[in-house]
Amino acid sequence: MVTTASDSRRAKGFSIRFLGGVGIVTGSKFLVEAGGVRVLVDCGLYQGLKQLRLRNWARLPVDPASLDAILLTHAHIDHSGQLPLFVKQGFSGPIYATAPTADLCGILLPDSGRIQEEDAAFANRQGFSKHKPALPLYTEEEARRVLPRLAEAGLGQPLCIGGALTARFHRAGHILGAASIELEAAGRRVLFSGDLGRNIDPICPPPELPGEFDALVMESTYGDRLHPGIDVAEALALVLERAVADGGTVLVPAFAVGRAQAMLYWLDRIFASGRVARVPVFVDSPMATSVTELYRRHADWHRLSHADCDRIFGGVHFTRSVEESKRLASVQGPAVLISASGMLTGGRVLHHFKRLAPEPANTILLAGFQAPGTRGGALAAGARELKMHGAYVPVRAKVEHIDSLSAHADQAELLAWLRGSGATPGRVLLVHGEPVAADALRRRIEEELKFRVWVAEPGARVTVSSSR
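We now turn to the structure provided with this report. As the structure is a computational prediction, the values presented were derived from the model and not from experiment.

The subject of this paragraph is the layout of surface pockets. Take a probe with the size of a water molecule and roll it over the atoms, and the empty space left behind shows itself. Considered as a void within the structure, the second largest pocket measures approximately 560 Å³ in volume. What lines the second largest pocket is a set of 26 residues, among which Glu 118, Val 322, Ser 325, Arg 348 and His 351 lie closest to the centre. Only helix H5 (99–126), helix H9 (286–297), helix H11 (322–327) and helix H12 (349–356) provide two or more residues apiece to the lining of the second largest pocket. Here the lining of the second largest pocket takes eight residues from H5, the largest share from any one element. For the lining of the second largest pocket, the per-class residue count stands at nine nonpolar, seven polar and 10 charged.

Here is the structure:
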């Protein structure tokens, strides 16, 4: 049984409080309390709309020093990016994650701090910030203080926390190292799905199916839609053919983890087929460069062989330094330039966009979901100018959007994941989705699977009991 609101405040036992990633697809953060033990599942940074980003500067919703542990489903910044703030403000316990997630955090978190420092410095030089001076949310050094706290969690292995709570990690697909997290206390079991991947993902294996649980905290990012039934290779080949004919550059804003590597996979397939002549491919992202190297280290977490990795990544021009990035301004098309971030929220891709977007011969290729409130979301909706670094940039380049590259399961895949398990959770609690998406998924689960479903509300607390 799951109780909510005032009843749950009086109840004792296994409780969950929804601190972030509720009604939105960012800032995931869930406080779990059982037998006197307090853990946080995910610790994400808010991204997207300015009103959401401002939450990153607000007082933290829980005292970091009161937590016994933090558990990460995966390394994406909207699930891990507030860790430096929690450590800075007193968290001193372990941060449990799979081995690839720990390695990815060792790349993403310092880079996040570095980007924030660079953006603040750039704003101060250009004088466009309202703050005098503009400050980073946290620095690279503060992000590095998180890394000694990372502790490996093996797949399926019981992990005892504080003597009252047991955690187990299960594959979730999505990106390298992503996991669903099972928590058990006093005979009650809750599964946090994390972000779920797709069965047809060419790189990541499919998510494992859940068992029997008293409650399932489930993502709903694509709860109201289906991925277009298109051939990704065909769609990408058409974009490349037009770009080559125009002599232009294809700029791909791509997340450094997962999306950049998937794009390299599909480019290799197209070039290998001979349909499009091979053109130079550049990856301008220190994160994406380092992340790509992890695919060789964690071969048991993806479908690619060592030979595949050598072929797909071997001929790509990776750049790390700012000087190398600046030299890319002299590259003439046709070429492909992949750079983070995936929704044009920050980083080096903004500088490339400012240079390439005004030219009609170039192409801006959006790969995957573009959240409302981000520059990528505005561009996908038809915006012909975007504001960045204090000025508006005209968009005369062609804009293409291949949504099928998403690493998130869509509505049908989420339902299939639930249906295929044969599980009957006492309650499904939907998180990490826009309101329309979460409610659409709620209706489908209730109508087709007959489960009880509740769309989580910000700040709400639920108590899970073993009775159903």
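More follows now that the structure is in view.
The next thing to look at is the environment of Leu 429. Structurally, the position occupied by Leu 429 is in strand S21 (residues 428–431). For Leu 429, a relative accessible area of 0% translates into the label buried. Along the chain, Leu 429 and Phe 192 lie 237 residues apart, while their C-alpha atoms are 9.4 Å from each other.

Take the packing of aromatic side chains next. Inspection of every chain in the model, using the stated rule, returns five aromatic pairs. With centroids separated by 6.1 Å and ring planes inclined at 65°, the aromatic side chains of Tyr 295 and Phe 313 adopt a geometry described as edge-to-face. Of this pair, Tyr 295 sits in helix H9 while Phe 313 sits in helix H10 (residues 306–314), placing them 18 residues apart in sequence. The buried category is assigned to Tyr 295, whose relative accessible area is 2%. Grouping aromatic residues by their ring pairs yields a cluster made of Phe 18, Phe 30, Phe 192 and Trp 454. Here Arg 171 stacks its cationic end above the ring of Trp 301, 4.7 Å away from the centre of that ring. The ring of Phe 213 has Arg 189 sitting right over it, with the charged end atom 4.6 Å from the ring centre.

Summed over all chains, the structure comprises three cavities of 30 Å³ or more. In this structure, the largest cavity occupies an estimated 70 Å³ of space. Lining the largest cavity are 15 residues, and of these Phe 30, Asp 42, Ser 193, Gly 194 and Val 431 lie nearest its centre. For the lining of the largest cavity, the element with the most residues is strand S12 (residues 215–219), which contributes three residues. Looking at the lining of the largest cavity residue by residue, the class counts come to six nonpolar, six polar and three charged. Each pocket or cavity is described by its volume, and for the second largest cavity that value is around 60 Å³. Taken together, Thr 249, Phe 282, Leu 328, Val 331, Ala 335, Leu 337, Arg 355 and Leu 356 make up the lining of the second largest cavity. Mapped by element, the contributors of at least two residues to the lining of the second largest cavity are strand S16 (335–339) and H12. Grouping the constituent residues of the lining of the second largest cavity by class yields six nonpolar, one polar and one charged.

Attention now goes to the pairing of strand S19 (residues 391–394). Note: strand S18 (residues 385–388) against S19, four bridges, orientation antiparallel. Its bridge partner lying in S19, Glu 385 is registered against Pro 394. Two successive antiparallel strands, S18 and S19, enclose a turn made up of two residues, where His 389 displays a positive phi of approximately 55°.

To continue, consider unusual backbone geometry. The omega torsion of the bond from Gly 333 to Pro 334 falls at 0°, within 30 degrees of zero and hence cis. Residue position: Pro 334 is located in the loop between H11 and S16. Cis geometry is found at the peptide bond from Ala 340 to Ser 341, where omega equals 15°. The topology assignment puts Ser 341 in the loop between S16 and H12. The phi dihedral of Asp 42 falls on the positive side, at around 70°, and the residue is not glycine. The residue Asp 42 is located in the loop between strand S4 (37–41) and helix H2 (50–53) in this model. The phi angle at Ala 186 is positive, at roughly 50°, despite the residue not being glycine. Counting through the fold element by element, Ala 186 comes out in the loop between strand S10 (179–185) and strand S11 (188–192).

As summarised here, the arrangement of the six strands in space is S15-S14-S16-S13-S17-S20, forming an open sheet in which the pairing is parallel. Looking at strand neighbours, the two that pair on one side only are strand S15 (317–319) and strand S20 (398–402), the edges of this open sheet. Strand after strand, the sheet turns through a mean of 20° between neighbouring axes, direction not considered. In this structure, strand S13 (residues 249–253) lies alongside S16, joined through five bridges in parallel fashion. Counted as the bridge partner of Leu 251 is Leu 337 from S16. In this fold helix H8 (residues 259–273) packs onto S13, strand S14 (281–284), S15, S16 and strand S17 (363–367), with an angle of close to 165° to the strand it touches most, S16. Those strands touched by H12 are S13, S14, S16 and S17, and its axis lies near 145° from that of S13.

Rules used throughout
- For every chain, the first residue of its written sequence is number 1, and the numbers climb from 1 along that sequence.
- In keeping with the predicted nature of the model, local features appear solely for residues at pLDDT of at least 70, side-chain atom pairs appear and are counted solely at 80 or more, and the whole-chain, interface and lining totals rest on all residues.
- Hydrogens and water molecules were not included; the side-chain quantities draw on all heavy atoms of the structure.
- With a 1 Å grid laid over protein atoms only, a set of points is called a cavity when a 1.4 Å probe fits there but cannot get out and a pocket when it is open yet has protein on both sides within 12 Å along at least five of seven lines; lining residues have an atom within 4 Å of a point.
- Grid points are joined across faces, edges and corners, and a volume is the space filled by probe spheres set on the points.
- Helix and strand labels come from DSSP, where a helix needs a run of H or I of at least four residues and a strand needs a run of E of at least two; each type is numbered from the N terminus.
- Under the scheme applied here, ten amino acids are nonpolar (Ala, Val, Leu, Ile, Met, Phe, Trp, Tyr, Cys and Pro), four are charged (Asp, Glu, Lys and Arg), and all others, including Gly, are polar.
- Exposure classes here rest on a 1.4 Å probe applied to the protein chains alone. A residue is buried below 20% of its type maximum, exposed above 50%, and partly exposed in between.
- Working definition: rings of Phe, Tyr and Trp (its six-membered ring) pair if their centres are within 6.5 Å, and the pair is stacked with planes under 30 degrees apart, edge-to-face with planes over 60 apart, and tilted otherwise.
- Charge over a ring is defined by NZ of Lys or CZ of Arg lying within 6 Å of the ring centre and within 35 degrees of the ring normal.
- Two strands are counted as paired when DSSP detects at least two bridges linking them.
- Axes here mean lines fitted to C-alpha atoms, for a helix over just the part in contact, with angles spanning 0 to 180 degrees between N-to-C directions.
- When checking whether two residues touch, look at their non-hydrogen atoms; a contact exists if any pair is within 4.5 Å.

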